[in-house]
Amino acid sequence: MSDNAVAARKVSAAQAPSLRRRLLTILAIPMALAWLASGALIYVLALHYVNINYDRSLADSARALERMIRSDAGLRELSPQARILMEYDSSDPSYYAVRSLHHGMLASNLELPVPDSVPALTAPPQLDSLKLGGRSLRMASLAIAGADANDTIILSVAETLHERHALARDILVGALPIVLVLIALVLVLVWFGVSRGLRLLDPLADQIAARRARDLSPLDQSVVPVEIRPLTQTIDALFARLRELLDLQERFIADAAHQLRTPLAGLRLQAERALADPRPESVRDALIHVERLSAGAGRAAGQLLALARAQTSNENDSPDCVVDLARLTRDYIGERVPGALATHVDLGYEGPTQGAEVSGDAVMLREALVNLIDNALNYAGENGTVTVSITNEVHTIALAVEDSGAGVAQEWWPRMGERFFRPPGSRRGGSGLGLAIVRRIADRHGAVVVFDRGRDGLGLRVTLRFSALARAETQSQRSSRV
Ligand SMILES: Nc1ncnc2c1ncn2[C@@H]1O[C@H](COP(=O)(O)OP(=O)(O)O)[C@@H](O)[C@H]1O
Ligand SMILES: [Mg+2]
């Protein structure tokens, strides 16, 4: 292999679609989003539980303040121990306020407001969120009876939210890498899962590898994963087409052998005859036979090739064109008239001069016409007439070739068009392939072939009925004989 070819192969392998790469790219964005969403969720949850715990300890602080105040008989002053306890906090400053509803603030390290709803005397600490001087605070308050009758003392303890958020952030920072590792693990599993999953294809590969070259039977679908079925069905369809093609090829070889054996045997016989009897007149007679046999063999070979071409062609090979059947027929008849006159046959055309449009392949349509006109001229008989006509109806265009010869008995009509079929007693030389070619070309154009008698019950009429193109309009329907 040349360096270029090696390089080309490498490039194409790198560019080849990959299931793994495809799956990973499809999963990448959702996985990244899932990672972000799980981060947000973890933070919200962590904050929720952190809040519950911090609220509980804030309420405990409020109760501790209450106990200290109850033990300080004066109620107007906090003992120094109590002050230290309340104010000491390494990271998050705590605030407190002791306020009498009658006498105002008794002690505080921050002007904490009275809660919106004054707590009841025996109620557990009441928790409020508030903003004070641009800071967000959480405050626990409870009420105790004052020294004066009817006075109430509100004890409040508050703290900022910094610690809570910091703790929730710590939990998030701890959890995110774990989630990331889990996601990476999923992607790795996908990577290996694809390899393992693809092993499901091994039995199919084995099945195909074990086939003999000519085995084009459908694949055993029982080992094929359902996802791959569309692919194997396409392969089966390809096998079917290949089978058809191989059959055609085999048939062509058999037909060719069949066609050539007889004239070759004849040629050999004539050669032997000439060698055995060297008199000029018998050599000449042998040569006449040789000439006829070789012409026949040449024609047969041409017919075989035409049939093979017509059989292997399908709609995909040559794009269909709009073919004006009237023009094609008229032009071709123009070419054949001199030859027909020389053999005393009156060849004529009846129908529109143009505008009988069908969709198809002009070369093939001409080939069909050649075979029909060959037959008609061949079998029209001395001083016969051959008429080719085109009738352009709304939906169909009929091309008919008829002659005034002996025709073919009706019992043989159904078999006309079979390869090598010639009605018993066919006189003139021929291969029996002409009508097979016509039939095949008609099939290819969606046309039907109809046999019947010619005008006045004479001869044979072969009609090809095409469906007209929608836009083909009946133009000049003038009948003219050229
Ligand atoms: N117009 C015709 N008139 C009479 N017989 C015909 C006509 N066309 C075809 N046939 C018969 O049908 C046979 C098959 O025709 P064809 O397939 O063209 O093969 P070939 O012409 O090579 O014999 C011919 O041998 C002939 O007997
Ligand atoms: Mg013929």
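Here we summarise the structure given alongside this text.

Criteria and cut-off values
Residues numbered from 1 in each chain as written. Chains lettered and ligands numbered in written order. Predicted model: local features only at pLDDT ≥ 70, side-chain atom pairs only at ≥ 80, totals over all residues. Near = placed C-beta within 6 Å. Helix = DSSP H or I, 4+ residues; strand = E, 2+ residues; numbered from the N terminus. Nonpolar A, V, L, I, M, F, W, Y, C, P; charged D, E, K, R; others polar. Pairing = 2+ DSSP bridges. Axes fitted to C-alpha atoms, helices over the stretch in contact; angles between N-to-C directions. Contact = placed C-beta atoms within 7 Å. Buried ≥ 20, exposed ≤ 12 C-beta atoms within 10 Å, placed from the backbone. Core = buried A, V, L, I, M, F, W, Y, C linked by C-beta atoms within 7 Å. Domains from an automatic or database assignment.

### Some details on the site of ligand 1
Argument step 1. As a structural note, the neighbourhood of ligand 1 is formed by 20 residues, with Asn375, Tyr379, Ser426, Gly430 and Gly434 the closest of them.
Argument step 2. No other element matches the four residues that helix H9 (residues 362-379) contributes to the shell around ligand 1.
Argument step 3. Looking at the shell around ligand 1 residue by residue, the classes come out as nine nonpolar, nine polar and two charged.

### A look at the sheet that holds strand S7 (residues 346-350)
Argument step 1. Across the sheet, five strands lie side by side as S7-S9-S10-S12-S11; this open sheet has mixed pairing. Each end of this open sheet is capped by a strand with a single partner; those strands are S7 and strand S11 (448-453). Across the sheet, the mean angle separating the axes of adjacent strands is 15° when strand polarity is ignored.
Argument step 2. Here S11 pairs with strand S12 (residues 460-467) via six bridges, running antiparallel. If you follow phenylalanine 451 over to S12, its bridge partner there is valine 462.
Argument step 3. Contacts between helix H8 (residues 325-342) and the sheet are confined to S7, strand S9 (385-392) and strand S10 (396-403), with S7 contributing the most and set at about 165° to the helix.

### Details of the pairing of S10
Argument step 1. Here S10 lies mainly inside the structure; seven of its eight residues are buried.
Argument step 2. The pairing of S9 with S10 spans seven bridges and is antiparallel. In the sheet register, asparagine 392 faces S10, and the bridge partner there is isoleucine 397.
Argument step 3. Where S9 hands over to S10, the hairpin turn is made up of three residues, counted between the paired strands.

### Examining unusual backbone geometry
Argument step 1. With phi around 60°, histidine 344 is a residue other than glycine that occupies positive phi space.
Argument step 2. On the secondary structure map, histidine 344 appears in the loop between H8 and S7.
Argument step 3. The residue phenylalanine 420 is not glycine, and still its phi comes out positive at about 70°.
Argument step 4. Tracing the sequence through the fold places phenylalanine 420 in the loop between S10 and helix H10 (434-444).

### Considering the environment of methionine 139
Argument step 1. Counting through the fold element by element, methionine 139 comes out in strand S4 (residues 135-145).
Argument step 2. For methionine 139 and tyrosine 96, which are 43 residues apart along the polypeptide, the C-alpha to C-alpha distance reads 9.0 Å.
Argument step 3. Setting aside residues up to four positions removed in sequence, methionine 139 forms contacts with Leu112, Asp128, Leu130, Ser156, Val157 and Ala158.

### Focus on the nonpolar core
Argument step 1. Counting residues in hydrophobic clusters, the biggest one holds 45 residues, and the most contacted among them are Leu325, Ala368, Leu372, Ile397, Ile437 and Ile441.
Argument step 2. Listed by contribution, the elements that provide at least two residues to this core are helix H7 (280-312), H8, S7, H9, S9, S10, H10 and S12.
Argument step 3. A per-element tally of this core places H9 first, with eight residues.
Argument step 4. Taken domain by domain, this core gets at least three of its residues from each of domain 2 (226-310) and domain 3 (317-467).
Argument step 5. Not counting residues within four places of it along the chain, the set of residues in contact with isoleucine 397 comprises Leu325, Ala356, Val358, Ile390, Asn392, Phe466 and Ala468.
Argument step 6. Grouped together as the second largest cluster of nonpolar side chains are 17 residues, Ala140, Ile153, Ile154 and Val157 included.

### Looking at the sheet that holds strand S5 (residues 152-160)
Argument step 1. Strand order in the open sheet formed by five strands is S2-S1-S5-S4-S3, with antiparallel pairing between adjacent strands. In this open sheet, the two edge strands, each paired with only one partner strand, are strand S2 (104-108) and strand S3 (126-132). Put simply, the sheet's adjacent strands are angled 30° from each other on average, direction ignored.
Argument step 2. Here seven bridges tie S3 to S4, and the two strands are oriented antiparallel to one another. Its bridge partner lying in S4, aspartate 128 is registered against methionine 139.

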